[in-house]
Amino acid sequence: MIKFVYCICKRSDLSDAEFRTYWRETHGALIRSLAQTIRAKKYIQSHRLDTPINAELVKSRGLEPLPYDGVTEIWWDSMEEFLAGVNSPEGIAAAQQYVADEANFADFSKSRAFLTEEHTIFDLT
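These numbers come from a predicted model, not from an experiment.

(A) Here's a closer look at the environment of Pro52. Mapped onto the elements of the fold, Pro52 is located in the loop between strand S2 (42-47) and helix H2 (53-61). Given a relative accessible area of 66%, Pro52 falls into the exposed group. When the C-alpha positions of Pro52 and Arg32 are compared, they lie 33 Å apart, and in sequence the two are 20 residues distant.

Here it is as structure tokens:
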């Protein structure tokens, strides 16, 4: 599987609740409506928990705290499916639509995105 991973920082003018609600309800519904167009198989949002445990996880590894407020993951069956989905005229139009909507909640200057190839090491679900 090919996965798009997007580490998102919220816009500073939004509260955590506003960010999470918009991302989950409004943007999530938009991506759901475009899934077939872009040939995506799965879409997951992981919202950062507000817990002091996060600071301990960072400290235990000697990391710099990063301001990510959540992570989006979108799956495709293959690189060919990903490219077909995002390079078609409909896919290009869909990308313009969802990137424009991301500006409503994401701080692009602090967020990061990349493609990965998924390797399942174990799955006990």
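The discussion continues.
(B) Spotlight on the sheet that holds strand S1 (residues 2-8). Spatial strand order, S2-S3-S1-S4: 4 strands in an open sheet with antiparallel pairing. Whereas interior strands pair on both sides, the edge strands pair on one side only; in this sheet they are S2 and strand S4 (112-117). In this sheet, neighbouring strand axes are inclined to one another by 15° on average, regardless of whether the strands run parallel or antiparallel. Judged from the 6 bridges that link them, S1 and S4 form a sheet pairing that is antiparallel. The partner of Cys7 across the bridge, within S4, is Arg112.

(C) Region of the structure containing the pattern of salt bridges. Applying the stated criterion to the full structure yields 8 salt bridges. Across the salt bridge formed by Arg11 and Asp13, the nearest N and O atoms sit 2.6 Å from each other. Owing to a relative accessible area of 24%, Arg11 belongs among the partly exposed residues under this scheme.

(D) Region of interest: the side chain of Asp107. Positionally, Asp107 belongs in the loop between helix H4 (89-102) and S4. Put simply, Asp107 is tucked away with no salt bridge, and the nearest opposite charge, on Lys110, sits 4.2 Å away. Ignoring anything within four residues of it in the chain, the contact list for Asp107 reads Cys9, Lys10 and Arg11.

(E) Representation of helix H1 (residues 16-38). Between its first and last C-alpha, H1 extends only 29 Å over 23 residues, short of the 33 Å set by a 1.5 Å rise per residue. Along its length, H1 reaches its greatest deviation from straightness, about 35°, at Gly28. Inspection of H1 places Phe19, Trp23, His27, Gly28, Leu30, Ile31, Leu34 and Ile38 among the buried residues, and these make up the whole buried set. Buried-residue contacts for H1 involve S1, S2, strand S3 (70-76), helix H3 (79-87) and H4. Trailing H1 by a residue or two, Arg39 shows a phi angle of about 65°, which is positive.

Conventions we followed
- Residues numbered from 1 in each chain as written.
- Predicted model: local features only at pLDDT ≥ 70, side-chain atom pairs only at ≥ 80, totals over all residues.
- Heavy atoms only, no water.
- Helix = DSSP H or I, 4+ residues; strand = E, 2+ residues; numbered from the N terminus.
- Buried < 20%, exposed > 50% of the residue type's maximum accessible area, 1.4 Å probe, protein only.
- Pairing = 2+ DSSP bridges.
- Axes fitted to C-alpha atoms, helices over the stretch in contact; angles between N-to-C directions.
- Salt bridge = Lys/Arg side-chain N within 4 Å of Asp/Glu carboxyl O.
- Lys, Arg positive; Asp, Glu negative; His and termini not counted.
- Contact = heavy atoms within 4.5 Å.
- Expected span 1.5 Å × (residues − 1).
- Bend = angle between axes of the 7 residues up to and from the residue.

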